[in-house]
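Per-entry structural report
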Amino acid sequence: MINYKKAIAQFGKTYKLSGSKLSVVVNMKRGVSTVLIAMVVLVVILAAVAAYGWLRPIEVPAPEAVTLEEKAQKEGKLTIYGVMDTPDFVAKVIPAFEAQYPWAKGKLEYVGFSPAECSSKSLAEYQAGNVQADVMFCTLGSFMPALQGGVAEVWTNPMISLMNYTTGTYDPENKWGPGFQLPIIVIYNTDIVAPADVPKTWEDLADPKWKGKLAVDDPKGLNVGGSLFAHLYPIMGEAAWTSLMQGIAANNPVRTQTAGEAFTKVASGDAAIGTGLINDYLAGKAQTPPIPVEIAWIKPVTSLPITTSLAKNAPHPNFAKLFSMWWISAAGQYSIANTGRIPMHIPIAAGTILAGVVPPEVTSIEGVASNNPDYYINPSKWSDKFKAIFG
Amino acid sequence: MKGSRIPLIFSFLFLVIFTIPVLYLVYGSTFFGFGGRSAGQTFLEIISSPTTGSLLLNTAIYALGGSVLATVLATAYAWIIARTDVPGKGMFRLLPLLPLTMPFVVKSFAWIYLFSPNIGLANIALKQLFGVGPIFNIYSMAGMIFSLGVGGVPLVFLTIEPAVKSMNPALEEASRVAGKGVLNTLRKVTLPILLPAILSAFMLLTIIGLENFDYPFMLGHPVGIDTLATEVYFWIYESLPPRYITAALLSIIYIVITVVAVSIYIYLTRQTYKFVVVTGKAPYQTVHTLRKWKYVAFAVCFIVMFFAFILPFGTLVLMSFTPFLSAGGGKVELFFTLENYVKAVNLPLFYQAISNAIVLGLVAGLLGTLIAMILSYSSLKSKVKGARFTEMISSIPLAFPGIVYGLSLFWMFLLLPGVSKVIYGTIWPLVLALIFVRLPYCVRIVSGSLIQLADELEESSRVAGASWGRTFFRIVLPLMKGGLINSFLYTFINSLRELGAIVILSTSQAIVLTTLLLQLYSQHAMALNTVAAASVLLCLLIMVTLAIPELSRAYHLRELPKKLKHLLH
């Protein structure tokens, strides 16, 4: 048995422990240097781990995740309402989640909606006391009436701080958190629009030469068209904005249910110009032959936030939390990037999908309607405003 | 005698089950839909809004316009087939079944591919060949009327043709003997005789037009031409926050209009039955000899079927084998690819949508036919006082537009205590929607076979000591087998075609092919050709379903096991 007091007293001497099954020789002089070296190595390792954790954020905090995972596993099923195309979510996101949680195979049920449908359905089910969805991710503007109706659980997702999400990508009141973002673009069909005719300002969209040739998702649905136009309101002022809106309405734009449908209209040549989302553009460019569509980068360039909420009275709350944590972790955000959408986590977004797409003259991408709080506070007022203008 | 009350009780039970969702519509919409406004205030807003006037006008123009076009085309077609010596009669008699294999939503895709002003193949061809255009614009009221008109030809034809065939030829012959020509006889004798049948077919299609959601949603809404059906949908799914009270009040106005139309239809149908000249079977038929005009008649029939089926289906097939191409330059080069079919069958929910559609069709077909059989029997054969009331009951769903009844069921299954947790989100609300929406038609099909059974058959069985149940199952049921099979097939096929009644009820678990196609079209960028491929597969599924009974009849497949056994021995 080692007598530590003696050992300390004889610090620097060589001790031979005998009469013990364990024979240890401790050279305390060498011991000091060994300990110091070990400490330095340890510090270096810890620093490396910390740096690694900072660069590649920690996936899930260990002690809580284990408990949460067990609880989620017991719940056995997760229903997600979202606005991502079903094929993309099923083919790219679910397999990534199942790779990390093999027990979850076949347990995720995804329902794809248009943003307005997602909002309406979530709200109706919550009000009727028959909540079906556990997690909802939807365009923030469209989802605001549902949030105001109380559909979301107040919950602080620990990954928000662990991943250093920037302010503005999550709700300070914790009703919604990050998801992904979709830069809004003005697109034109290169077979129809001559380079000289490419719109350069927002006012160009009201030019009568685009009569019947413009496609935009229905602004009153507060999705891409609605939020983009709401962003322009504080910049232009009431009179100029109303004049622009009336000019666009006078061009009889083809109003679609979703931005994807508007993009299809332009890509197929059914419309000459339109509003769209960058993920559709990237997918179209990857086709063989690539689609004849290009982007008119009209400033300010904005980005549509798709935010994530946990359903209040969710049937599977722990599974919902586990998914929400994974969704904004590095793995979840990379799976979003794989669908061609822009992760909400800026470093991941910058390193993946946005690299080389945005031209140098576009120095910033603003959150759409971030300059117009009234749009998010009074969504029904804006929906009515657009209905009055566009019908 | 006690047993014979069972169908009547069942009919009242049906009425109760039908009414519950309607009550939930009112409850759900008013309870959750006020949003700070009273029902009265909202109603005043609706009534005073100029939008409501244009909605009513659009709905009426669309329904009446489409119905007029279909009635004119189908009447001409039926008369040529039944009363003239046009070549290819056999083929032309079968062809009207084929358009029934194309759901309206699928046909609207085809019309977009063909007649869209910018990418429509017809417009591009005209521009390339003659340098003119675009001439056609499917995104217009005219486009919607055209779609409903040619889409409604088969239904109107199938309604009118029996009347044309069974018309007493003596009156026409008298006219010809008196020196009148074919056209004069047609105008002065044939058409007046057939008028009740034509009017009832016209009203039937008008009702379908009033309630139709598919064409206005696909072709009218994108350019701001809305009807009551699309407006109800958009107050729920495009208005933020959703305005259920507005949707419900609009639904009530909607129902009032359809009730008027249905009442006229029922009145006209009764008149048809009373018209002894067009009922019963004529001993022989007069065939007008058209001589050189028979080629014109052939051309007319061919053109009608060309637009009703050959052109839209051919376009879908063409698009399904073509990669996504932009027609922006006013020209399009077609390439061959199977990629769209690969994409279609690899869609994540494709097989679930197919299996759901088949299960839905089978269950709705069986239950719908069962209910139709009971209601028809109560109406036509029961001697109990008030039995005729069941005929009225069976017609009630006709006055409920699919979208409105879908909304009613949505609220019922969302709110019904105990049941909602289990059933909401599954395919069972869709089954119920399909049964109710199709029931009036099933009742008419089954009644058609039941009305031919003389009461003496049942009376003889009862006199011989058989119970009511034994008489029903041994005598009545086998004799009305044909009507029951037709009713089942009708419901099954229309379940595969339906969109309006189920669009609000559809979820990921309860997705069917039509809703999957709509979702793909509206949410997935550049999926036009995949939509075409999936649409062709849906049409083929319906064609196979239609062909099975015909093949069974033609090749006596029921005898097949016996034949195999014989061969083995």
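Residues numbered from 1 in each chain as written. Chains lettered and ligands numbered in written order. Predicted model: local features only at pLDDT ≥ 70, side-chain atom pairs only at ≥ 80, totals over all residues.

1. Structural notes on the overall build of chain B
Convention followed: Going along the chain from the N terminus, every DSSP run of H or I of four or more residues is numbered as a helix, and every run of E of two or more is numbered as a strand. Placing C-beta atoms from the backbone, we regard two residues as in contact once those atoms come within 7 Å.
Regarding its fold elements, chain B presents 25 helices and zero strands. The contacts of chain B with a sequence gap of at least 6 include a subset with a gap of at least 24, amounting to 80%.

2. A closer look at the overall build of chain A
Using the following cut-off: As a rule, residues whose C-beta atom has 12 or fewer other C-beta atoms within 10 Å are exposed, those with 20 or more are buried, and those in between are partly exposed; C-beta atoms are placed from the backbone.
A tally of regular secondary structure across chain A gives 16 helices and 13 strands. Across the 391 residues of chain A, 47% fall into the buried class. Partitioning the intrachain contacts of chain A with sequence separation of at least 6 by distance along the chain shows that 76% fall at a separation of at least 24.

3. Re the packing of helix α7 (residues 141–166) of chain B against helix α13 (residues 293–320) of chain B
Residues and elements named next belong to chain B. For clarity, the threshold we go by: Between N-to-C directions, angles span 0 to 180 degrees; the directions come from axes that are lines fitted to C-alpha atoms, helices contributing only their stretch in contact. Comment on the angle field: the value is read as roughly parallel under 35 degrees, roughly antiparallel over 145, roughly perpendicular from 65 to 115, and oblique elsewhere.
As a packed pair, α7 and α13 sit with axes 9 Å apart at the nearest point and diverge in direction by 105°. With respect to α13, the element α7 is oriented roughly perpendicular. Residues Val150, Val153 and Pro154 of α7 lie in contact with α13, whose contacting residues are Val304, Phe307 and Ala308.

4. Some words on the interface of chain B and chain A
How we decide: By the convention adopted, Pro, Cys, Tyr, Trp, Phe, Met, Ile, Leu, Val and Ala count as nonpolar, Lys, Arg, Asp and Glu as charged, and the other residues, Gly among them, as polar.
Across the contact, 37 residues belong to chain B and 55 residues belong to chain A. Those elements that provide at least two residues to the side of chain B that touches chain A are α11 (228–237), α17 (402–415), α18 (420–423) and α23 (513–523) of chain B. Its residues assigned to classes, the side of chain B that touches chain A shows 20 nonpolar, 15 polar and two charged.

5. Side note on the packing of helix α3 (residues 50–83) of chain B against α13(B)
Residue and element names in this part refer to chain B. Short version of the rule: Two helices that cross are described as forming a left-handed crossing if the nearer one is turned anticlockwise from the farther one by less than a right angle, and a right-handed crossing if clockwise.
Between α3 and α13, whose axes approach to 10 Å, the crossing angle comes to 135°. When the axes of α3 and α13 are compared, the pair comes out oblique. Between α3 and α13 lies a crossing whose hand is left-handed. Facing α3, whose interface residues are Leu73, Ala76, Tyr77, Ile80 and Ile81, α13 presents Ala297, Val300, Cys301 and Val304.

6. Observations regarding unusual backbone geometry
All names here are of chain A. The residue after Lys299, namely Pro300, is reached through a cis peptide bond having omega 0°. Within the secondary structure, Pro300 is located in the loop between β10 (293–296) and β11 (302–310). Here the phi dihedral of Asn174 falls at roughly 65°; this positive angle occurs in a residue that is not glycine. Inspection of the secondary structure puts Asn174 in the loop between α7 (158–162) and β6 (177–189). Look at Asn174 and you get partly exposed, because 16 C-beta atoms sit within 10 Å. Residues other than glycine seldom take positive phi values, yet Asn313 does so here, at roughly 60°.

7. Here's the deal with the nonpolar core
Residues and elements named next belong to chain B. Our working rule: We define the nonpolar core as any set of buried residues of the types Ala, Val, Leu, Ile, Met, Phe, Trp, Tyr and Cys, connected via C-beta atoms lying within 7 Å of each other.
By size, the foremost hydrophobic cluster in this structure holds 267 residues, and its most contacted members are Val232 and Ala433. With 15 residues, the single largest contributor to this core is helix α19 (residues 428–450). Non-local contacts of Ala433, meaning those with residues more than four positions away in its chain, are made with Tyr405, Gly406, Leu409, Ala501, Ile502 and Leu505.

8. A few points about the domain arrangement of chain B
All names here are of chain B. Operational definition: The source of the domain bounds is an automatic or database domain assignment.
Domain parsing of chain B yields domain 1 (1–20 + 337–569) and domain 2 (34–321). Between domain 1 and domain 2, the contact holds 33 residues from the first and 31 residues from the second. Elements represented by at least two residues in the side of domain 1 that touches domain 2 include exactly α14 (339–345), α17, α22 (481–497), α23 and α24 (528–555). Tallied by class, the residues present in the side of domain 1 that touches domain 2 amount to 24 nonpolar, eight polar and one charged.

9. Things to note about the environment of A:Pro305
Residues and elements named next belong to chain A. Tracing the backbone shows Pro305 in strand β11. The exposure class of Pro305 is buried, given the 25 C-beta atoms found within 10 Å. Taking C-alpha positions, Pro305 is 23 Å from Met245, a pair spaced 60 residues apart along the chain. Not counting residues up to four positions away in its chain, the partners in contact with Pro305 are Leu140, Gln181 and Gly367.

10. Thoughts on the environment of B:Ile403
Residue and element names in this part refer to chain B. Residue position: Ile403 is located in helix α17. The spacing of Ile403 and Phe413 is ten residues in sequence and 15 Å in space, taken between C-alpha atoms. Setting aside chain neighbours within four positions, we find Ile403 in contact with Phe213, Ala229, Val232, Tyr233, Gly500, Ala501 and Ile504.

11. With respect to the pairing of β6(A)
All names here are of chain A. Going by this rule: Whether two strands pair depends on DSSP finding at least two bridges between them.
In terms of burial, β6 is largely enclosed, as 13 of its 13 residues are buried. Where β6 and strand β12 (residues 342–343) come together, two bridges link them in antiparallel fashion. Note that in β12 the partner of Phe180 across the bridge is Pro343. Strand direction decides the pairing type here: β6 and strand β9 (residues 273–277), joined by five bridges, are antiparallel. Bridge pairing in β9 places Ile185 opposite Gly276. Across four bridges, the pairing between β6 and β10 is antiparallel. Bridge assignment links Val186 to a residue of β10, and that residue is Ala296.

12. Let's talk about the environment of A:Lys92
Residues and elements named next belong to chain A. Along the chain, Lys92 turns up in helix α4 (residues 86–100). On the basis of neighbour counts, which here come to 18 C-beta atoms within 10 Å, the residue Lys92 falls in the partly exposed class. Among all residues touching Lys92, those that are not within four sequence positions of it are Ser335, Asn338 and Thr339.

13. Here's the deal with the confidence of the model for chain A
Residues and elements named next belong to chain A. Applied cut-off: As a per-residue quantity, pLDDT reports the predictor's confidence and falls between 0 and 100.
Summing up the model confidence of chain A, the mean pLDDT is 83 and the portion of residues at 70 or higher is 82%. Highest mean pLDDT in chain A belongs to helix α12 (residues 317–327) (96); lowest belongs to strand β1 (residues 14–16) (33). Below a pLDDT of 50 lies the segment residues 1–29, which in the model reaches 15 contacts outside its immediate sequence neighbourhood of four places, other chains included. pLDDT under 50 marks residues 52–58. Its contacts with residues more than four places away, or in other chains, come to seven contacts.

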